[in-house]
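Structural features, examined
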Amino acid sequence: ATTLFKNEHTLVGCKFCQVAYSLLWPGTKLYPHCGTSNEILTCHIGLRIPVGDIRKVGMSVGGEKRQWGEGKWLCFEDSMEHYAWNMGDKPRLILIVQFMHPFVMQRL
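Predicted model only: the values in this text are computed from it and were never measured.

**A word on the pattern of salt bridges**
Scanning all chains against the criterion turns up 2 salt bridges. The salt bridge partner of Arg55 is Asp53, with a shortest N-O separation of 2.4 Å. The exposed category is assigned to Arg55, whose relative accessible area is 66%. Measuring nitrogen to oxygen at the nearest pair gives 2.2 Å for the salt bridge that ties Arg66 to Glu64.

Here you go:
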């Protein structure tokens, strides 16, 4: 996955940026957490998403609940409290891309 983004200027030289796969097993809940800075944006693209409504599989960002869709992007500002759950019967697989906020890049 990192090969796809190796020349992306918002990732290069950013020690908090990353490209990673995230697998969430059935019956798993991630605890609420926050990033350390509002200078980072996080985007998820759904790769394998279990079938089910928001009670089965989803995430909450700043109290707003959302679901992933396969091939669909879900982006949010990382310093807001967020958490995820998978109460479905299959693993949830997404690609996470964290990059510098474009407004920060304009100031550099």
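Back to the text.
**Focus on the sheet that holds strand β2 (residues 28-29)**
The antiparallel open sheet is built from 4 strands, whose spatial order is β2-β7-β4-β5. Looking along the sheet, the strands with just one partner apiece sit at the ends: β2 and β5 (64-66). Sheet analysis places strand β4 (residues 57-61) next to β5, joined by 3 bridges and oriented antiparallel. Residue Ser60 lies in a different strand from β5, and its bridge partner there is Lys65.

About the criteria used
- Residues numbered from 1 in each chain as written.
- Predicted model: local features only at pLDDT ≥ 70, side-chain atom pairs only at ≥ 80, totals over all residues.
- Heavy atoms only, no water.
- Salt bridge = Lys/Arg side-chain N within 4 Å of Asp/Glu carboxyl O.
- Buried < 20%, exposed > 50% of the residue type's maximum accessible area, 1.4 Å probe, protein only.
- Pairing = 2+ DSSP bridges.
- Helix = DSSP H or I, 4+ residues; strand = E, 2+ residues; numbered from the N terminus.

By themselves, these are just geometric observations and shouldn't be taken as functional.
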